[in-house]
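So the chains spell out like this:
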Amino acid sequence: MIVFSSFDPADLRAEETSSVGVKHLRSYLEIAAHGPSALPFDGRRKPAIDRHREQIATALREQGFAVTTDVGLSDFKVDISVATADEPERPLMAVLLDSPAWAARATVGDRDGLPSDVLSRMLRWPAVERVWLPEWLVGSAAVIERLRAAMASAQQGIADGSEIASEEPDGDPAAQGTDAQLGVPQQEGPTAPLSNVHLPVSEIEQASDRVKDFEPVRPGQAVATDTTAATGTTNASIYQPWMPRVLGGIEVLDTLSSSARSRALVAAVLMQIIDAEGPIHTVRLAKLACAAFSLNKVNTQRAAAVIRLIDQERNPIDSDSFVWSVRLYSDTWRGYRENGPEVDRKIDHVSKVEIANAMVAVCREAHGIELEDLKGRAIRVFGGMRVTAGINERLNEAVRDAQESGKLHADDAGFIHASRIG
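Predicted model, so just to flag it, every value in this text is computed and none were measured.

Asker: So what about the overall build of the chain? Which residues, and what values?
Answerer: Within the chain, the secondary structure is distributed over 15 helices and ten strands. Counting every position in the chain, which comprises 422 residues, the buried fraction comes to 46%. Carbon and sulfur atoms form 52% of the exposed surface of the chain, whose accessible area is close to 21,700 Å².

Asker: Residue-level account of the nonpolar core, with values.
Answerer: Formed by 29 residues in total, the largest nonpolar core has its most connected members in Val266, Val269, Leu270, Ile273, Leu285, Phe293 and Val306. When contributions to this core are tallied by element, the ones reaching two or more residues are α9 (251-254), α10 (260-277), α11 (282-291) and α12 (300-307). The dominant element in this core, judged by the number of residues it contributes, is α10, at seven residues. Setting aside residues no more than four positions away along its own chain, valine 266 makes contact with Val252, Leu253, Leu256, Phe293, Val306 and Leu309. Ranked by size, the runner-up nonpolar core spans 24 residues in total, among them Tyr336, Ala356, Met359 and Leu408.

Asker: Requested: an account of the sheet that holds strand β1 (residues 66-71), with residues and values cited.
Answerer: Reading across the sheet, the four strands line up as β1-β2-β3-β4 and stay open at both edges, with mixed pairing between neighbours. The sheet is open, and its two borders are formed by β1 and β4 (127-131), each paired with just one other strand. Strand-to-strand, the axes of this sheet are offset by a mean angle of 25°, without reference to chain direction. Two strands pair when backbone bridges link them, and strand β2 (residues 78-83) and strand β3 (residues 93-97) are joined in this way by three bridges, in the antiparallel orientation. Paired with valine 82 across the strands is methionine 93, a residue of β3. Along the sheet, helix α2 (residues 51-62) contacts β1, β2, β3 and β4; its crossing angle with β1, the most-contacted strand, is approximately 160°.

Asker: Mind laying out the packing of helix α13 (residues 352-366) against helix α14 (residues 371-381), listing which residues take part and the relevant values?
Answerer: The interhelical angle for the contact between α13 and α14, taken along N-to-C directions, is 120°, at an axis separation of 9 Å. The angle between α13 and α14 places the two elements in the oblique class. For the element pair α13 and α14, the recorded crossing hand is right-handed. Facing α13, whose interface residues are Ala358, Met359, Val362, Cys363, Glu365 and Ala366, α14 presents Leu374, Lys375, Arg377, Ala378 and Val381. Class assignment for the residues of the contact of α13 with α14 results in eight nonpolar, no polar and three charged.

Asker: Before we move on, could you go through the packing of aromatic side chains and cite the residues and values that matter?
Answerer: Under the defined criterion, the tally for this structure stands at two aromatic pairs. Geometrically, the ring pair formed by tryptophan 324 and tryptophan 333 is edge-to-face, given 5.4 Å between the ring centres and 90° between the ring planes. Neither residue differs from the other here; tryptophan 324 and tryptophan 333 are each classed as buried. Members of the aromatic cluster, joined through ring pairs, are Trp324, Tyr329 and Trp333. Its guanidinium or amino end placed over the ring of tyrosine 239, arginine 345 lies 4.1 Å from that ring's centre, counting from NZ or CZ.

Asker: Help me get a handle on a nonpolar patch on the surface, residues and values and all.
Answerer: Taken together, the side chains of Val3, Phe7, Leu25 and Tyr28 present a nonpolar region at the surface, about 330 Å² in accessible area. As for its position among the elements, leucine 25 is in helix α1 (residues 20-34). The exposure class of leucine 25 is partly exposed, given its relative accessible area of 38%.

Asker: Describe the side chain of serine 419, listing the residues and the values that go with them.
Answerer: Relative to the assigned elements, serine 419 resides in the segment after β10 (416-418). By relative accessible area, which is 13% here, serine 419 ends up buried. Among all residues touching serine 419, those that are not within four sequence positions of it are Arg364, Gly406, Lys407, Leu408 and His409.

Asker: Describe the pattern of salt bridges, and please don't skip the residues or the numbers.
Answerer: What the rule picks out here adds up to 16 salt bridges. Across the pair arginine 53 and glutamate 54 runs a salt bridge, and its minimum N-O distance is 3.2 Å. One salt-bridge network, held together by shared partners, links Arg53, Glu54 and Asp70.

Asker: How would you summarise the confidence of the model for the chain if you had to cite specific residues and measurements?
Answerer: Interpretation of the predicted coordinates at a detailed level should be avoided for regions scoring low in pLDDT. The predicted model of the chain has a mean per-residue pLDDT of 78, with 77% of residues at 70 or higher. In the predicted structure, residues 161-204 sits below a pLDDT of 50 and forms 106 contacts with residues beyond four places in sequence or in another chain.

Asker: Now, about unusual backbone geometry: what can you tell me, with residues and values included?
Answerer: The linkage connecting glycine 278 with the following residue, proline 279, adopts the cis geometry, with an omega of 0°. Structurally, the position occupied by proline 279 is in the loop between α10 and β6 (280-281). The backbone phi angle of aspartate 70 is positive, close to 55°, even though this residue is not glycine. Looking at where aspartate 70 falls in the secondary structure, it is placed in strand β1. Phi at histidine 367 takes a positive value of approximately 55°, unusual for a residue other than glycine. Among the structural elements, histidine 367 can be located in the loop between α13 and α14. For histidine 367, a relative accessible area of 68% puts it in the exposed group.

Asker: How would you sum up the side chain of arginine 302? Please name residues and give values.
Answerer: Take arginine 302: it is sitting in helix α12. Overall, arginine 302 belongs to the buried group, its relative accessible area being 15%. The residues contacting arginine 302, other than those within four sequence positions of it, are Ile250, Leu253, Asp254, Cys290 and Leu295.

What counts, and where the lines are drawn
- Residues numbered from 1 in each chain as written.
- Predicted model: local features only at pLDDT ≥ 70, side-chain atom pairs only at ≥ 80, totals over all residues.
- Heavy atoms only, no water.
- Helix = DSSP H or I, 4+ residues; strand = E, 2+ residues; numbered from the N terminus.
- Buried < 20%, exposed > 50% of the residue type's maximum accessible area, 1.4 Å probe, protein only.
- Areas by Shrake-Rupley, 256 points an atom, 1.4 Å probe, with all protein chains shown as cover.
- Core = buried A, V, L, I, M, F, W, Y, C linked by side-chain atoms within 4.5 Å.
- Contact = heavy atoms within 4.5 Å.
- Pairing = 2+ DSSP bridges.
- Axes fitted to C-alpha atoms, helices over the stretch in contact; angles between N-to-C directions.
- Parallel < 35°, antiparallel > 145°, perpendicular 65-115°, else oblique.
- Left-handed = near helix turned anticlockwise from the far one by under 90°.
- Nonpolar A, V, L, I, M, F, W, Y, C, P; charged D, E, K, R; others polar.
- Phe/Tyr/Trp six-rings, centres within 6.5 Å; stacked < 30°, edge-to-face > 60°.
- Lys NZ or Arg CZ within 6 Å of the ring centre and 35° of its normal.
- Patch = residues over 30% accessible without salt bridge, like charges linked within 9 Å, V, L, I, M, F, W, Y side chains within 5 Å.
- Salt bridge = Lys/Arg side-chain N within 4 Å of Asp/Glu carboxyl O.
- pLDDT = per-residue confidence, 0-100.

Here it is in structure tokens:
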């Protein structure tokens, strides 16, 4: 926050008036101008010595970060604030500890839910991390590495425009929002694992059984079949969006780093969504998964933590950030899904492979078609009415990919045709 004032705080003669409002205004302006040190000593809590906090702060300073402890003016303090050495005045990560002040809070929500929610959703801290004393005692090096990774993710999020957060419309929490990358580092190859996340098989099986009980009913034709993938025949179907049902509270998402059960439950939901909607963009997938746990506003860090739970041997992620069911992840898949009259699916949330498959069907029906006409008819397959500059670029990319893969080819007159292998 930046406060603009046309006068100096000293110009307010607060000592000459009985007005409480004037006194508070002067105190507020002095804090804005000079920081918390402008407050009288009795207006601030005396900092408590916390060796656990100081050990973590020292370790982070040794990593080259700018670290401040016991940050805040209210009863609730950020135990450790972390910034880069280049911009020490711009904190990127709040680290919360299980300190005596944490233990003194009356409810679980006050201890674990509200602080993270307020910092991340209301105050827009790019990263909020928890460090438990037992975790630190068992493996301090692993904790520091996790905090380093969280800082790297926060820095990348800031560089990329940070948040993909947006208020979601009723009925489809993933229908809107920007498609910024989730801050997950991409590795070589479409199926390279993003992270080694420990997911016990027994926990996943139990979570999958629980999720099946809540599986939404979606009428209509299946997206694709194993026969389609095996034979290479065209398969047009109606797109049926996966509609979230609440399986738990936000505490499930808050405990992904500490609870194998939470990770398994979210992983099971991810598998169900991918089976229903795959290929599905990682942005939409993260939003749908979080909506199942009472969160309809998803920031970069949260989305990245969810996407890391995907088992990429079962559900590969391609270079276009789409997640696939392994049975469809094949050069022989020819399926595509037409939007129904009440479905608004953004073209950015349609895989270029799926767009290309629809173009193949359009070319076969037309027995050759001009490029602009092809793009216009293809966008209508997915519910679009006009081709904007952004949509035009994505359609052009789909055409180029289809030509490079041999699905489409152009004749000497410039007409686009479906190739025999397409």
